[in-house]
Amino acid sequence: MSSGPSPLENKQLDSDYRRNQERSILFLTALLLFLILTVLLSLCAGSYDTPIAELIRGIAGKATDDKINIIVRNNRMLRILTAIIAGAGLGVSGCVLQAILRNPLASASTLGVSQGASFGAAFAIIVLNVGAMGGLGNVAISLCAFVGSMAVAFIILGLSKIRQISPEGVVLAGVAISAMFTGATTLIQYFANEIQLATMVFWTFGDLGSTNWTDISLMGCVVLVVSVYYFLHRRDYNALLNGSETAASLGINVRRLTLINMILCCFTASTIVSYIGLISFIGLVAPHIVRLVLGNNHVYLVPGSILAGAALLLLGDLFSRTVISPVILPIGAITSFLGGPLFLYLLFEGGKKEC
């Protein structure tokens, strides 16, 4: 008959727990400080050379030069906030997708969710011709993007439930679905006129410089609400790590949790895509950077993915604006160069573990 842990073992476990907690909080603090540093660097980047103190005053519109107020508030801060909000939304959505699908390669881009949203946006712009309708047209584009992303989500859920495919098979199915939607988007572009085609280039390249304060407010509200929901269910994601049966035994409705989170992840991705275009791999890279340090505890992994996603996209935007200034490189290409090697690394590492 086995006995419970001895007092000495309990003390050691408690000490390990506190040490892990302190390390996690320290790492999250370091991520926050890195994000703040990247914000300051992004604020300074540009052809208009200005002291940092003057730029900070320009955020509140109190710089001594009105030109600085205009540049900071109507240009640089718009890009910075767009990158932070979009990166945070993509990062935390990738973290949640990896949890509910129990697959470290899952993200909005690798599963084809972003490509489905991009197809929906292309359908709205070219087939429905809503690009010239102003504010109402943007709403229609967002709705079509959401429908496209949800179509991918339901296909993936259907395959995983009906055919009982493995977590690795889910990602492979996502790659196939992504290729199909990319091909469909290309076919639609083939029949577009010059104006519609020029508009669609935005979705292909990704652009952080075309948003306004209204767009940022809407994106910010969506990302804030879903992030709060994800954080409130952080312990449910921890339970899923041990399998659906274990989670169900703890009173978690696994089917409902999976469906709701898939819908929220798709809604977040489609909202971001509808405003800034197709941004790849942030949702894959950000959670893994945090996971390498903190492990799979979603109590810290969820906020860490938010901070890492925001910092990565902002850093990518800073690189795209400064590497061959004054030319601004497409942010979608920069994030693909960042995420592609990590995707290959994870595939090869997964293969080694199976051998």
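Residue indices follow the written sequence of each chain, beginning from 1 at its first position. With pLDDT at 70 or above as the cut-off, local features in this predicted model cover only qualifying residues; side-chain atom pairs require 80 or more to be listed or tallied, and sums for whole chains, interfaces and linings still use all residues. Side-chain numbers come from the whole structure's heavy atoms, not from hydrogens or water.

**Q** For this particular structure, what's the right way to read the environment of Gly58?
**A** To qualify as a helix, a DSSP run of H or I must reach at least 4 residues; to qualify as a strand, a run of E must reach at least 2; elements of each kind are numbered from the N terminus. For Gly58, the location among the structural elements is in helix α2 (residues 52–59). To sort residues, take the accessible area from a 1.4 Å probe on protein chains only and compare it with the maximum for the residue type: under 20% means buried, over 50% means exposed, and anything in between is partly exposed. Judged by its relative accessible area of 0%, Gly58 falls in the buried class. Linking Gly58 and Val72, residues 14 residues apart in sequence, is a C-alpha distance of 5.9 Å.

**Q** Got a minute to help me understand a nonpolar patch on the surface in this structure?
**A** A patch consists of residues whose relative accessible area exceeds 30% and which take part in no salt bridge; residues with like charges are grouped when within 9 Å of each other, and nonpolar side chains (Val, Leu, Ile, Met, Phe, Trp, Tyr) when within 5 Å. All accessible-area figures derive from a Shrake-Rupley calculation using a 1.4 Å probe, and residue coverage is judged against the displayed protein chains alone. One side-chain nitrogen of Lys or Arg within 4 Å of one carboxyl oxygen of Asp or Glu is enough to make a salt bridge. There is a patch of nonpolar side chains on the surface, built from Leu32, Leu33, Ile36, Leu40, Ile52, Ile56 and Ile59 and spanning about 560 Å² of accessible area. Elements with a minimum of two residues in the nonpolar patch: α1 (7–44) and α2. Considering each element in turn, the nonpolar patch owes the most residues, four residues, to α1. Its place among the elements puts Ile56 in helix α2. Judged by its relative accessible area of 43%, Ile56 is partly exposed.

**Q** Mind showing me how you'd approach the side chain of Ser280 here?
**A** Relative to the helices and strands, Ser280 resides in the loop between α11 (254–276) and α12 (282–294). Contacts were defined at the residue level, with two residues in contact if any of their heavy atoms lie within 4.5 Å. Discounting residues that sit within four places of it in the chain, Ser280 has contacts with Ser109, Thr335 and Ser336.

**Q** Which parts of the structure should I look at to understand unusual backbone geometry?
**A** Only a minority of non-glycine residues have a phi that is not negative, and only a minority of peptide bonds are not trans. Even without glycine at this site, Arg102 takes up a positive phi of about 50°. Relative to the elements of secondary structure, Arg102 occurs in the loop between α3 (66–100) and α4 (113–127). On the accessibility criterion, Arg102 (37% relative accessible area) is partly exposed. Phi at Phe281 is positive, roughly 75°, even though this residue is not glycine. For Phe281, the position within the fold is in the loop between α11 and α12.

**Q** Explanation requested: the nonpolar core in the structure shown.
**A** The tendency in soluble globular proteins is for nonpolar side chains to be buried side by side. The set of buried Ala, Val, Leu, Ile, Met, Phe, Trp, Tyr and Cys residues whose side-chain atoms join them within 4.5 Å is what this entry labels a nonpolar core. Core analysis: the biggest nonpolar cluster contains 80 residues, and Ile100, Leu111, Tyr230, Ile276 and Leu313 have the highest contact counts within it. Not counting the four nearest positions on each side in its chain, Leu111 is found in contact with Leu97, Leu101, Ala106, Val152, Ile156, Val170, Val171 and Gly174. Ile125, Ile126, Ile141 and Ala192 belong to the second-largest nonpolar core, a separate cluster that totals eleven residues.

**Q** In this structure, what is going on with the packing of helix α8 (residues 213–232) against helix α13 (residues 298–322)? I would like to understand it.
**A** The angle between the axes and the distance between the axes are what describe a pair of packed helices. Every axis in this analysis is a line fitted to C-alpha atoms, fitted for helices over the stretch in contact. Angles between the N-to-C directions lie between 0 and 180 degrees. Running from amino to carboxyl end, α8 crosses α13 at an angle of 160°, the nearest separation of the two axes being 9 Å. Relative to α13, the element α8 lies roughly antiparallel. Classified by chirality, the crossing of α13 by α8 is right-handed. Contacts from Ser227, Tyr230 and Phe231 in α8 reach Val299, Val302, Pro303 and Ile306 in α13. Only Asp, Glu, Lys and Arg are considered charged in this grouping, and only Ala, Val, Leu, Ile, Met, Phe, Trp, Tyr, Cys and Pro are considered nonpolar; every other residue, Gly among them, is considered polar. Taken together, the residues that form the contact of α8 with α13 break down as six nonpolar, one polar and no charged. Roughly parallel means an angle under 35 degrees; roughly antiparallel means over 145; roughly perpendicular covers 65 to 115; every other angle is labelled oblique. By definition, any crossing whose near helix is turned counterclockwise from its far helix by less than a right angle is left-handed, and any crossing with a clockwise turn is right-handed.

Interpretation note: all reported values are geometric properties and have no functional meaning in isolation.
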